Amino acid sequence: MIFENLLYECSDGIATVTINRPKALNALNQATLKELLSLFTALKDDVAVKVVILTGAGEKAFVAGADISEMQPIDAVAGRHFALLGHKLAATIEELSKPVIAAVNGFALGGGCELALCCDMRLASENARFGQPEVNLGVIPGFGGTQRLPRLIGKGRACELLMTGDMVDAAEAYRIGLVNKVLPADELLPAASKLAAKIASKGQVAIGFVKSALRDGLEIDLARACTYEADLFGLCFATADQKEGMLAFLEKRPAQFTDK
Ligand code: DAK
């Protein structure tokens, strides 16, 4: 696939997707959203890819939001179309059975913060800044921010970010649980790759089940969520990876997973 606004590389089971519009601080226009949607849809069936890293080009921004110049003149019909495109991308990332790590290398504002929220984990560089400044523009988040942010950091803290439009720095983002780890800028991608490699070394059926259990289990009551976990746990015993993982433990050797 050839992209105008994305860079893509894959090695050793780890795909790196870089949003590449540095002149607009990697703001998401419709073309970029469509490219991201095509790429993440294709990644679903790409057996060469086990873990995905999502980052932004340049040293200043992950994604500075939806593209304001493109959004400013649109009408309600186009706004709804834009919203549906954004939600489809978010759902595609969340429903991908493979883990997606956001490597947030600068501003993650508005749709950029929301894009990071769709990912399974977030690593941030020390210069990262997070915020939902939509209220400064007379709108509310349109890419799930009012829903995913409180689920991750709690309603009170989410409310403050959503109603003030204030940015928080990486240290504060870490303190409130918005990011997993903060790193010097030059260590961000190596750390994301190291984390991705560790996850890629496990049995990928189990990794996919962990993602499903977390994603779907958190949306239902605890009793049904535990039943869902039990179903997935049972299914693990139909896999070659379970046989190999447990045999390798008993034979005191590293497991050779085949992701089957
Ligand atoms: N859109 C378009 N261009 C942007 C941009 C954006 N979001 N952010 C920055 N740029 C452009 C600037 O216009 C500037 O372009 P030139 O003037 O050089 O041509 C260039 O990037 C560099 O930006 P600055 O000169 O402003 O750089 P500074 O360091 O001074 O400031 C900043 C950096 C990130 C603080 C500032 O650029 C800024 O405040 N940017 C806007 C941040 C923002 O408000 N973002 C939220 C946008 S609203 C939806 C999905 C998502 C959304 C909505 C709907 N659906 C699915 C329906 C999300 C909405 C949003 O994200």
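Residues numbered from 1 in each chain as written. Predicted model: local features only at pLDDT ≥ 70, side-chain atom pairs only at ≥ 80, totals over all residues. Heavy atoms only, no water.

As a further point, take the overall build of the protein. What the protein contains, in helices and strands, is 11 helices and 10 strands. Over its C-alpha atoms the protein spans a radius of gyration of 19 Å, differing by no more than 12% from the 18 Å that the globule rule assigns to 260 residues. Overall size of the protein, expressed as C-alpha extent along the three principal axes, is 60 × 40 × 35 Å. The 260 residues of the protein split such that 44% are buried. Long-range pairs, those at least 24 residues apart, make up 69% of the contacts in the protein between residues at least 6 apart in sequence. Carbon together with sulfur atoms contributes 60% to the accessible area of the protein, which is approximately 13700 Å² in total. Separation of charge centres in the protein, based on 27 positive and 31 negative side chains, amounts to 3 Å. (Helix = DSSP H or I, 4+ residues; strand = E, 2+ residues; numbered from the N terminus. Rg over C-alpha atoms; globule rule 2.2 N^0.38 Å. Buried < 20%, exposed > 50% of the residue type's maximum accessible area, 1.4 Å probe, protein only. Contact = heavy atoms within 4.5 Å. Areas by Shrake-Rupley, 256 points an atom, 1.4 Å probe, with all protein chains shown as cover. Lys, Arg positive; Asp, Glu negative; His and termini not counted. Charge placed at Lys NZ, Arg CZ, Asp CG, Glu CD.)

What follows deals with the packing of aromatic side chains. By convention here, two paired aromatic rings are described through the distance between centres and the angle between planes. For the structure on display, the rule yields one aromatic pair. Between Phe233 and Phe237, the aromatic rings sit 5.1 Å apart at their centres with planes inclined by 65°, giving edge-to-face as the arrangement. By relative accessible area, Phe233 is classed as exposed at 54%. For Phe237, a relative accessible area of 36% puts it in the partly exposed group. (Phe/Tyr/Trp six-rings, centres within 6.5 Å; stacked < 30°, edge-to-face > 60°.)

Further remarks concern the pairing of strand 2 (residues 14-19). Among the six residues of strand 2, six are classified as buried, and the element is accordingly described as predominantly covered. Side-chain alternation along strand 2 places Ile14, Thr16 and Thr18 on one buried face and Ala15, Val17 and Ile19 on a second face that is also buried. Looking at chain direction, strand 1 (residues 6-11) and strand 2 are connected through six bridges and run antiparallel. Within strand 2, the residue paired with Leu7 across the bridge is Thr18. Counting the residues in the hairpin turn of strand 1 and strand 2 gives two residues, including Asp12, whose phi is positive at 50°. (Pairing = 2+ DSSP bridges.)

A word on the pairing of strand 3 (residues 51-56). Among the six residues in strand 3, six count as buried, and that is most of the element. Residues Val51, Ile53 and Thr55 line one face of strand 3 and the alternating positions Val52, Leu54 and Gly56 line the opposite face, and both faces are buried. Note: strand 2 against strand 3, six bridges, orientation parallel. When the sheet's bridge partners are listed, Ile14 is paired in strand 3 with Val51. At this point the chain moves from strand 2, through helix 1 (residues 30-44), to the parallel strand 3, and the crossover so formed is right-handed. (Right-handed = clockwise from strand over helix to strand, strands pointing away.)

Turning our eyes to something else, we now look at the sheet that holds strand 9 (residues 167-169). Across the sheet, which stays open at both edges, the four strands sit in the order 4-6-8-9 with mixed pairing between neighbours. With one partner strand each, in any of the chains shown, strand 4 (61-63) and strand 9 form the two edges of the open sheet. In this sheet, neighbouring strand axes are inclined to one another by 20° on average, regardless of whether the strands run parallel or antiparallel. Across three bridges, the pairing between strand 6 (residues 107-109) and strand 8 (residues 129-131) is parallel. Paired with Phe107 across the bridge in strand 8 is Arg129. (Axes fitted to C-alpha atoms, helices over the stretch in contact; angles between N-to-C directions.)

Before going further, it helps to spend a moment on the nonpolar core. Judged by nonpolar contacts, the single largest core of 48 residues is most densely connected at Leu36, Phe40, Leu54, Phe62, Leu115 and Phe130. For this core, the leading source of residues is helix 1, giving six residues. Ignoring anything within four residues of it in the chain, the contact list for Phe40 reads Val52, Leu54, Leu89, Thr92, Ile93, Leu96 and Val100. (Core = buried A, V, L, I, M, F, W, Y, C linked by side-chain atoms within 4.5 Å.)

Our next topic: the side chain of Gln204. The residue Gln204 is located in helix 9 (residues 204-217) in this model. Given a relative accessible area of 14%, Gln204 falls into the buried group. Gln204 has contacts with Lys50, Ile199, Asp241 and Asp259, leaving out every residue within four places of it along the chain.

All quantities given are derived from atomic positions and should not be read as evidence of function.
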